[in-house]
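# What the coordinates show
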Amino acid sequence: METEKDTPSFLQKYIIPKVKFGLGSLFSTCLDYAIFFGLLWANLGLEIGALQAIALSISIASNFIIQRNLIFQKIRGLASSLRSSISFSLISIMLSSIFAQWLTSFPFFNNHPLFIKLLITAVFFLFNYYTKQY
């Protein structure tokens, strides 16, 4: 028989998981921006598309680790989780890198990489939101 102590509260069941998910996503996004602008500032001679690919790859990997270990219950095995995550992530990395490189062909964006990054973040937020529903 379940007691009140065994039943999770509304806060534990609905609010805390979403806060943890949001904080994990925020951390990964901040990491993405820090790496992108750190590499840009380091002036390594890399194209914007390459910077985007490097930064987003590290961000996606960190987000996967955070979500798998701190947010969601581990129902599937690591190999299964990695397969589905990697295939979707590679598409996102490739498309966002191409999009970033294309945006540099416009003088405004070429002179304002922050707007490239913000636009890519917004577009791929929507992309991820809608594709994860299917």
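Here goes a summary of the coordinates provided. This one's a predicted model, so the numbers in the text were calculated from it and none came from an experiment. (Residues numbered from 1 in each chain as written. Predicted model: local features only at pLDDT ≥ 70, side-chain atom pairs only at ≥ 80, totals over all residues. Heavy atoms only, no water.)

### Comments concerning the nonpolar core
- If you look at the biggest cluster of nonpolar residues, it comprises 12 residues: I35, F36, L39, I48, L51, A55, A100, L103, F109, I116, I120 and F124.
- Those elements giving two or more residues to this core turn out to be α1 (10-42), α2 (48-71), α3 (78-103) and α5 (113-131).
- Dropping the residues within four chain positions of it, A100 is found in contact with I48, G49, Q52, I116 and I120. (Core = buried A, V, L, I, M, F, W, Y, C linked by side-chain atoms within 4.5 Å. Buried < 20%, exposed > 50% of the residue type's maximum accessible area, 1.4 Å probe, protein only. Helix = DSSP H or I, 4+ residues; strand = E, 2+ residues; numbered from the N terminus. Contact = heavy atoms within 4.5 Å.)

### Points about the pattern of salt bridges
- Counted by the stated rule, this structure contains one salt bridge.
- Residue K117 pairs with D32 through a salt bridge whose shortest N-O separation is 2.8 Å. Of this pair, K117 sits in helix α5 while D32 sits in helix α1; the two residues are 85 residues apart in sequence, bridging distant segments of the chain. The pair K117 / D32 is uniform in exposure class, with both members buried. (Salt bridge = Lys/Arg side-chain N within 4 Å of Asp/Glu carboxyl O.)

### Observations regarding unusual backbone geometry
- Positive phi values are uncommon outside glycine, yet N43 reaches one of about 50°.
- Relative to the elements of secondary structure, N43 occurs in the loop between α1 and α2.
- You can call N43 exposed: its relative accessible area is 65%.

### Describing the packing of aromatic side chains
- One pass over the full model with this rule turns up nine aromatic pairs.
- Here F88 and F127 contribute two aromatic rings whose centre-to-centre distance is 5.7 Å and whose plane-to-plane angle is 10°, an arrangement assigned as stacked. Taken together, the positions of F88 in helix α3 and F127 in helix α5 put the pair 39 residues apart, joining distant regions of the chain.
- Since its relative accessible area comes to 25%, F88 is described here as partly exposed.
- Residue classification places F127 among the partly exposed positions, given a relative accessible area of 25%.
- Grouped by ring-pair contacts, the aromatic residues Y33, F36 and F37 constitute a single cluster.
- Over the ring of Y33 we find K117; its NZ or CZ atom is 5.5 Å from the centre of that ring.
- Over the ring of F36 we find K117, and its NZ or CZ is 4.9 Å from the ring centre. (Phe/Tyr/Trp six-rings, centres within 6.5 Å; stacked < 30°, edge-to-face > 60°. Lys NZ or Arg CZ within 6 Å of the ring centre and 35° of its normal.)

### What about α5?
- Relative to the 27 Å expected for 19 residues at 1.5 Å per residue, α5 spans 26 Å between its end C-alpha atoms, a close match to the ideal helical length.
- Within the span of α5, buried status applies to P113, I116, K117, I120 and F124. Mapping the buried residues of α5 onto a view down its axis gives an arc of 85°, with all of them on the same face. (Expected span 1.5 Å × (residues − 1). Arc of directions from axis to C-beta.)

Note that every value here comes from positions in space, so none of it alone points to a role or purpose.
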